Structures are given as structure tokens and as C-alpha cells.
Amino acid sequence: MVFSPEAVIRVEKKKREKEYEEISNSPHSPFRDALFKDIFLVAMVIGHHRGIRSPLKGPYHDLFRASVLNSNEEWLIKSIAIAEKGDLDVLLNEKEVLKIAEEYANAGILVLYDIIFGGAPGDPLKRIEAEAMEIIHTISRSEEDEQG
Amino acid sequence: MINNQIIFFERTICISRSADGRIEEHEKTWRAAYRIDKNWESYSGLNWKEMTQFNNLVSHILPKGIRSFFFFDGERLDNFFRKGMEYEIKNAIMKVCQIELLDRCIDHLTTKFKELQRNIKGTTPDTDRISKEIEILSQSKEDLESEIEKLSKKIEEAQRNKEDIEEKLRNYTRFNVQDLQSERDWLESEVDKLDEKIGKKEKEVKRHFISGIIFLLGYDALKKTYELIDRKIKGVDQPPIPPDIKDKFLKDLLMHRRCICGTELSEGSLQRKAIEKLLNSIEPLSRISDEAMDGYYKISNILDEYKRFTSKRKELEEEYRELIKERKEKSQRLKEISEKLKGIPVEEIQNLENLRNSFEDEIRKCIAERSQKELQLKGVEDRIKIKNKELLKEIEKDKKQRKLRLKLELCEKSIEELKNIKEEVARSVREEVEQKTKEYFLTLHWKKGAFKDIKINDNYEISVISRLGTECLGTLSAGERQILALSFMAALSSVSGFEAPVIIDTPLGRISGEPKEKIAKSLPKYLQKTQLTLLITDQEYTSTVRDNMKERIGKEFELRYNEDEIATEIIEIRGG
């Protein structure tokens with residue numbers, strides 16, 4: 001299933017005007033000039049990684065069409081839904097897949113905003129990277145275990 | 001003389017000297033007029049009768065703003081493609097766009113918008129405060145824009161001055177000056193290329209980081225999905241992927257009401273119910289089976305790719321550091337060249353080099369200042385947008401102000417749209433000029449196949465791309481630059497859509513020897529469907545040049561100064 005042409009990724013209008021706007025425009029943001037799509041995906045994976053998910057409250061804003069995602073990004077979104085449901089059947093419900101992604105991003109965007117503008121010392125990218133580094137080490141360790 | 005009236009043509013130019021001593025040209029005008037008092041009974045300025053029909057006629061054939069692309073000075077054409085002339089190129093393209101009407105519309109709507117904002121008073125306690133804030137912000141926006149424009153002009157002027165000095169050094173044959181300047185030209189072009197590469201690499205590092213982070217933080221979900229599909233494929237989890245039995249097969253059995261073993265599958269029978277249950281469990285899986293298989297291989301690739309995230313990141317950062325190192329080395333060599341030039345025991349060279357360095361410092365300083373101002377401007381623009389939204393929200397609270405709110409919204413949206421249209425028109429004209437310049441240049445150039453493209457980028461910087469794909473504007477000879485300039489002017493006049501004759505003053509003025517003859521050979525191919533008048537001096541018009549151009553010469557006149565009559569006579573040498 002490639003996402004249907006009419007499928008859109010939504011965010012809360014308030015968050016589009018504040019968090020997304022500042023993250024993509026502020027000269028202090030490492031995501032300055034990044035696509036909304038990328039900011040959304042970062043927010044989504046941060047939300048998922050930290051296990052925080054919050055339903056969207058209206059009014060909504062259509063951030064981008066799901067059809068602009070490349071196949072890797074599409075499978076990342078689908079994987080989050082599958083991991084969440086523990087079942088492949090969720091693939092039959094595009095709305096549900098996107099809803100799960102939107103809800104993780106809805107919570108994750110606040111974390112991302114805080115990482116960038118929260119006033120903690122140091123480079124925000126390094127802090128995000130540090131979060132991912134734990135995973136890299138886990139991957140390396142499991143690889144080593146597998147090899148022997 | 002018309003109807004026994006002597007017609008006088010008057011040309012005026014208005015200039016002033018700025019505070020820093022520069023001469024600034026403000027306005028050029030011309031008019032045709034005759035005296036009401038034929039015998040000049042008085043010298044009163046009131047006795048002139050202007051003949052506006054000439055101006056109107058000329059304006060109809062060719063509007064004032066774009067005349068310079070039809071009547072131009074060949075000797076000054078070369079200036080177009082020197083460093084710091086992007087503003088002139090942009091200006092020329094904007095003039096050809098003829099978007100003054102859009103500009104006027106935007107100005108008018110902006111004034112109207114400000115007027116409407118001023119009229120909002122006391123709607124809610126906050127409206128006055130927000131309006132005042134917008135007014136202050138708008139004023140700083142205007143101030144910043146004007147400062148940015150001044151800095152841009154200052155940068156261009158300093159770049160031209162620096163370029164003039166470098167041209168002098170290029171022609172100085174003693175004390176190895178020429179070689180040092182050539183090396184500097186090459187190094188500067190290399191540093192420019194490196195800056196471009198560094199910018200691209202920075203983006204690549206950032207892009208790799210963002211996409212990498214996305215997949216690394218999503219690693220757990222991807223891995224879980226991969227394992228889930230893997231178990232289905234291997235049959236560990238039932239039903240497997242792809243299902244052992246095709247759903248179509250079960251549907252066919254149900255439709256024909258008979259099993260392959262011959263058992264009848266009548267409605268409500270146990271056998272039928274068993275097959276229906278099986279179908280229900282595998283049907284969804286059949287529908288997602290292909291997709292899951294596709295995902296299985298995709299996820300496997302993603303997991304493999306991002307295992308290499310750290311090593312790839314290190315690799316990219318290393319490449320970035322290498323570029324920075326190379327740039328540093330080249331910059332160091334540039335400093336050494338400058339020191340060598342300053343050490344040459346010729347006062348003129350020392351002075352030129354010092355002056356060049358001071359222009360370079362000025363350029364650097366102004367560019368840094370301009371970037372800072374641009375950043376401030378962006379911040380102010382963003383704050384204006386936010387304040388405008390806040391203001392609209394405040395007005396919404398008062399129903400009586402609905403009409404005013406609608407007007408404000410309409411103005412704001414219209415300004416935005418008009419700006420978009422303006423940008424779109426300018427972009428499309430720039431692309432057309434780029435295409436035409438390329439066509440003319442490749443036709444006029446005598447080295448066929450040596451160049452493959454001409455580009456004018458978003459910043460109105462022109463590049464000439466060689467057959468090998470390298471940028472070579474900086475290494476064009478004077479003759480080639482003249483060809484490029486002629487091509488650019490021809491492109492501008494052609495894109496303007498006006499079919500007026502073209503006049504070029506001293507087209508070969510700065511060109512010597514062989515290139516002059518080559519350009520003369522190319523000129524008959526230039527602007528083929530246009531009447532072309534060349535004002536050419538005897539130094540330019542050698543017999544070879546004449547022979548090379550004769551095919552296309554319709555009429556030839558000589559302007560001969562008669563000292564006795566203190567007048568210039570026009571003598572026809574060859575008729576059409």
C-alpha cells in the first residue's frame with residue numbers, strides 16, 4: 001500500500017504556528033530551512049522512542065501530503081503503526097497508520113522544541129544524537145553477540 | 001526644420017555629488033521644441049513650445065526604461081560581467097520584465113494597508129498597542145531595507161574598484177607581477193569553488209544527520225516489524241505470508257458450492273462454515289501479503305544502511321574537514337601573493353596592492369554587515385506577520401469592524417500574491433534571457449564546441465560553462481567577453497518584445513588584433529532580423545573588419561568633421 005494521493009498528515013494548528021514555525025525558521029534552530037516533512041518525522045520518532053503519544057486537538061492543519069514521503073519514510077511510519085499494534089493487519093487501515101504517526105509527532109514535537117529552545121547548554125543536534133547513540137551501541141552489541 | 005519652424009532637440013542630465021564625493025546621476029531627459037518667437041525676441045524660457053508627439057512616438061516604439069538595451073556603448077559592455085555587477089544584471093532583467101505596474105500596485109496596496117491599520121483605534125484595549133508596534137516594526141523594516149540596498153551598492157562599487165586594480169596588475173609585465181596576479185585569479189576562482197563545495201558538504205552532513213536520526217530513533221519499530229514479517233514468512237507465526245492457500249481458490253469453492261473432494265458446500269453446512277472461517281483469516285493477509293513482502297526487503301535495507309550511520313557520518317565530516325583545510329591553504333597562498341606584491345620595489349605596485357586590500361577589507365566588512373542586517377530584516381518581517389495576525393484576531397472580537405478586517409485581509413493577501421506574481425515573472429524572464437544569451441553566444445563564438453552552457457542563477461550571477469563542465473567566465477578573453485556582452489544585450493532586446501532597431505557605439509573599441517577580426521566575422525550573424533547600426537571608429541574599422549562584415553552592410557556613412565564650418569558632415573560611402 002502506497003499512501004493514497006488524498007492522504008494528508010495533520011498537526012495541531014497551534015503547534016504548526018509555534019513549534020513547527022520556530023523550528024523551521026529560527027536562526028537558532030539546527031532544523032532551519034528543513035522541510036516540515038523532516039521535522040514531523042523527527043518529532044514522530046522522538047515521540048515513539050520516548051513512548052509518548054498524545055491525540056490531536058483541533059483545529060488541525062494539513063502539514064503535507066503523505067504521497068510526498070519516499071518509500072523508506074513510508075515504511076518507517078508503517079513500522080511504527082505495526083509495532084504499536086503488534087499486527088500487520090493495521091496496514092489495511094491507512095487512517096489508523098497515519099493517526100498513530102500524527103499522535104507520536106504531536107507529543108514528540110514538544111520534546112524536540114524543548115531540546116532546541118529549552119535553554120540547556122550545548123549543541124541541540126548533539127543531544128538528539130546522544131539519544132540515538134544508545135541505539136547505535138545496542139545495535140553494535142547485538143551484532144557482536146550474534147557473531148559470537 | 002518642419003513647416004518652416006526650426007526644431008531644437010534638447011538633452012539634459014541631472015547629476016549631484018554625494019557626501020562621500022561620488023557623482024550620482026539622477027535623471028536624463030530629452031525633448032523637441034520650437035520657439036514661439038521665431039526671431040528670439042526675448043530669451044524667456046516661456047517662449048518654447050514643446051513637441052510632445054516625438055516623445056510619444058518614440059515611447060510607443062520603445063519605452064524609456066529599456067532603451068539602453070537597443071542603444072548601447074560597446075566600450076562599456078565589458079563592465080557587465082565583472083564581479084559585483086549582479087545588481088546591474090538584475091536591474092537590466094527587471095527593466096525588461098516591465099513590471100513597474102506590479103510594483104506600483106504593491107506600493108499602493110502597502111500604503112492602503114498601513115492607512116487601514118492606522119484607522120483601527122480603540123476596538124479593544126490591545127488594538128492600539130498592536131497597531132503602534134506594527135508601525136514601529138514597519139519603520140525598522142524600511143530602514144533595514146534601505147541600509148541593505150546601500151551596503152549592496154557599496155559592495156558592488158568596491159568590487160569594481162578592486163577589479164580595476166587587478167586589471168592593471170594583470171597588464172604589468174615587470175617584476176613577475178603579471179604571473180602573481182594570474183595565480184591570484186586562479187586561486188580566487190578555486191576558493192570560490194571550494195566555498196561552494198563547503199556549503200554543499202555542510203548541507204550533505206546535515207541532511208545525512210537528519211535522515212539518519214529519523215531511522216535510528218525509529219530503529220526499534222523497524223526491527224520489530226521486520227521480525228514480525230520474518231516469522232510470518234518462515235511460517236513460525238500462522239497463517240504465513242504469503243498464505244498457503246489462495247483466497248481466490250477458497251472463493252471459487254464457495255461459489256461453485258463444491259469442495260475438490262466432491263463434498264457439497266451448501267449454505268449453513270459445517271463444511272462451508274469451515275471454509276468461510278479459513279477465508280476470513282487469510283483474506284486480509286492476502287491483501288497485504290505483497291506489501292508486507294515489499295516492506296520486508298525495504299526494512300532490511302534500511303536497517304543495514306543505518307548500521308553504518310556513524311561511520312558514514314565520520315566519513316562526511318572528514319571530507320568536510322579536508323575541504324576546509326584546502327581552503328585554508330589556498331587563502332594562505334593568497335596572503336603570500338599579496339605580501340610579495342607589496343614587497344616589489346615599485347611604489348605604484350605597492351600602492352595598488354594596498355588599495356586593493358583596502359577594497360577587499362571593505363567588501364568583507366560590508367558583506368558581514370549586510371548578512372547581519374538581512375537576518376535582522378527576516379526577524380522583523382516575521383514579527384510583523386505575527387503582529388498582523390494578532391491584530392486581525394483583536395479586530396475579530398469587535399463585530400462592527402468586520403468590514404475593516406476583510407479589507408485588511410484582502411490587502412495583505414493581494415500584496416502577497418502580487419509579490420509572488422512579480423517573482424514568477426522575473427524568474428521566467430531571467431530564464432528566457434539566459435536561454436537567448438546562450439543561443440547568441442554559441443552562434444557568435446568562433447570556437448565551436450568550446451562552451452556548452454550559460455547560466456544566470458537566482459542571484460543574477462552569470463556563469464559560462466566550458467565543454468568540460470567547468471565555470472570559465474573569469475578566464476574569458478576580452479574578445480570573448482565582448483561576444484558574451486553583445487549576446488546578453490541582444491537577449492535583453494529580443495526578450496523585451498519590442499522590434500526597434502539596435503545601435504551600438506564602438507562595438508570593437510576595446511578589442512585588438514585577431515579577436516577583432518573574429519568578432520567582425522560573427523557580427524553578420526548577430527540579431528539577423530533587426531536593423532543594426534554600428535557607430536564605428538576608423539581604428540576599429542580596418543579593411544579586414546570591413547571585408548568580414550560587408551555581406552550584411554546595407555549602407556555606410558562617414559562622419560567627417562569640417563573645421564571651416566565647425567560642423568560634422570554625413571557622407572554616404574556605400575548605398576543599399
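Because the structure is a prediction, the values reported are computed rather than measured.

A. Summary view of the interface of chain B and chain A. Taken residue by residue, the interface counts 36 residues in chain B and 40 residues in chain A. Both faces considered, chain B and chain A share a buried interface measuring about 3,600 Å² in area, 70% of it formed by carbon and sulfur atoms. A per-residue breakdown of the area chain B buries against chain A is headed by Ile214, Leu217 and Glu291 of chain B, which together make up 19% of the total. Seen at the junction of chain B and chain A, the total is three salt bridges.

B. Quick look at the pattern of salt bridges. Residue and element names in this part refer to chain B. Applying the stated criterion across every chain yields a total of 62 salt bridges over all chains. Residue Lys141 is joined to Glu145 by a salt bridge in which the shortest nitrogen-to-oxygen separation is 3.4 Å. Of the two residues, Lys141 and Glu145 are both situated in helix α5 (residues 127–170); the distance of four residues between them amounts to about one turn of the helix. Counted as one network, the salt bridges with shared partners bring together Lys162, Glu163, Glu166, Glu167, Arg170, Asp185, Glu188, Arg356, Glu360, Asp361 and Arg364.

C. Representation of a nonpolar patch on the surface in the model. Residues and elements named next belong to chain B. Judged by side-chain polarity, Ile245, Phe249, Ile260 and Leu278 come together as a nonpolar surface patch covering roughly 360 Å² of accessible area. Position of Ile245 among the secondary structure elements: in the loop between α7 (219–233) and α8 (247–256). Residue classification places Ile245 among the partly exposed residues on the basis of a relative accessible area of 33%.

D. Molecular detail of the state of the cysteines. Residues and elements named next belong to chain B. This model, assessed by the stated rule, comprises zero disulfides over all chains. Free of any disulfide, Cys261 has its nearest cysteine sulfur in Cys259, 3.6 Å distant. Assessed through its relative accessible area of 57%, Cys261 is described here as exposed.

E. Fine view of the packing of aromatic side chains. Evaluation of the coordinates by the stated rule reveals seven aromatic pairs over all chains. When the ring of Phe40 of chain A is compared with that of Phe64 of chain A, the centres are 5.6 Å apart and the planes differ by 80°; the resulting orientation is edge-to-face. With a gap of 24 residues between them, Phe40 of chain A in helix α2 (residues 36–50) and Phe64 of chain A in strand β2 (residues 60–65) connect regions that are remote in the sequence. The buried category is assigned to Phe40 of chain A, whose relative accessible area is 0%. By relative accessible area, Phe64 of chain A is classed as buried at 11%. Ring geometry for Phe441 of chain B versus Phe451 of chain B: centroids 5.4 Å apart, planes at 65°, classification edge-to-face. Taken together, the residues Phe441 of chain B in helix α12 (residues 402–444) and Phe451 of chain B in strand β5 (residues 451–456) connect sequence positions 10 residues apart. Through a chain of ring-to-ring contacts, three or more aromatic side chains come together here, namely Tyr226, Tyr296 and Tyr297 of chain B. Residue placement shows Arg10 of chain A over the ring face of Tyr60 of chain A; its charged tip is 4.1 Å from the ring centre. One Lys or Arg, Lys78 of chain A, reaches over the ring of Phe3 of chain A and ends 5.6 Å from the middle of that ring.

F. Here's a closer look at helix α4 (residues 100–119) of chain B. All names here are of chain B. Here α4 contains 20 residues, and its C-alpha end-to-end distance of 28 Å stays within 8% of the 28 Å for a straight helix at 1.5 Å per residue. For α4, the set of buried residues is Leu102, Ile106, Leu109, Phe113, Leu116 and Gln117. An end-on view of α4 places all buried positions within 95° of arc, on one side of the element. Of the exposed residues in α4, the ones pointing more than 90 degrees away from its buried face are Leu101, Arg104, Asp107, His108 and Asn119.

G. Representation of the packing of helix α10 (residues 309–342) of chain B against helix α11 (residues 347–397) of chain B. Running from amino to carboxyl end, α10 of chain B crosses α11 of chain B at an angle of 145°, the nearest separation of the two axes being 8 Å. Across the interface between the two elements, Ser338, Leu341 and Lys342 of chain B of α10 of chain B pack against Ile349, Gln350, Glu353, Asn354 and Asn357 of chain B of α11 of chain B.

H. Molecular detail of the nonpolar core. Tyr20, Phe31, Phe40, Met44, Ile77 and Leu112 of chain A are the most contacted members of the largest nonpolar core, which has 70 residues in total. The leading source of residues in this core is helix α4 (residues 94–117) of chain A, at 12 residues. The contacts of Leu112 of chain A, once residues within four sequence positions are left out, are Ile23, Phe31, Ile39, Val42, Ala43, Ile46 and Ile128 of chain A. Counting 58 residues, the second-largest nonpolar core is a separate cluster that includes Leu444, Tyr460, Val464 and Leu492 of chain B.

I. How the structure looks around the sheet that holds strand β2 (residues 23–35) of chain B. All names here are of chain B. Strand order in this open sheet of three strands is β1-β2-β3, and the pairing throughout is antiparallel. Strands with a single pairing partner mark the edges of an open sheet, and in this sheet they are β1 (8–17) and β3 (48–50). Across the sheet, the mean angle from the axis of one strand to that of its neighbour is 50°, orientation sign disregarded. Of the strand pairs in this sheet, β2 and β3 are connected by three bridges, and their pairing is antiparallel. Residue pairing across strands places Tyr34 opposite Lys49, the latter belonging to β3.

Scoring rules and cut-offs
Within each chain, residue numbers correspond to sequence positions counted from 1 in written order. Here the convention is simple: chains get letters from A, ligands get numbers from 1, in the order in which they are written. Given that this is a predicted model, residues contribute local features only at a pLDDT of at least 70 and side-chain atom pairs are listed and counted only at 80 or more, while totals for whole chains, interfaces and linings are drawn from all residues. The basis for every side-chain value is the complete set of heavy atoms in the structure, and neither hydrogens nor water enter the calculation. A contact between two residues is defined here by any heavy atoms of the two lying within 4.5 Å. Each of two parts loses accessible area, computed with a 1.4 Å probe, when they are put together; buried area is these two losses added. Throughout this description, the term salt bridge denotes a Lys or Arg side-chain nitrogen within 4 Å of a carboxyl oxygen of Asp or Glu. A run of H or I in DSSP counts as a helix once it spans at least four residues, and a run of E counts as a strand once it spans at least two, with each numbered from the N terminus. The patches reported here contain residues having more than 30% relative accessible area and no salt bridge. Joining distances are 9 Å for like charges and 5 Å for nonpolar side chains (Val, Leu, Ile, Met, Phe, Trp, Tyr). Residue exposure ignores everything except the shown protein chains as possible cover, and the areas themselves are Shrake-Rupley values with a 1.4 Å probe. The buried label applies to any residue whose accessible area, calculated with a 1.4 Å probe on protein chains only, is under 20% of its type's maximum; exposed applies above 50%, and partly exposed to all values in between. Throughout, disulfides are identified as pairs of cysteine sulfur atoms within 2.5 Å of each other. Only rings of Phe, Tyr and Trp enter the pairing, Trp through its six-membered ring, and a pair is recorded when the two centres are within 6.5 Å. The plane angle decides the type: under 30 degrees is stacked, over 60 is edge-to-face, the rest tilted. Whether a charge lies above a ring is judged from NZ of Lys or CZ of Arg, which has to be within 6 Å of the ring centre and within 35 degrees of the ring normal. One fewer than the residue count of a helix, multiplied by 1.5 Å, yields its expected span. Throughout, the arc means that of the directions going from the helix axis to the C-beta atoms. Axis lines are fitted to C-alpha atoms, over the contacting stretch for helices. Their N-to-C directions set the angle, which ranges from 0 to 180 degrees. Joining through side-chain atoms within 4.5 Å is the link that ties buried Ala, Val, Leu, Ile, Met, Phe, Trp, Tyr and Cys residues into a set, and such a set is a nonpolar core. When DSSP locates at least two bridges between a pair of strands, those strands are taken to pair.

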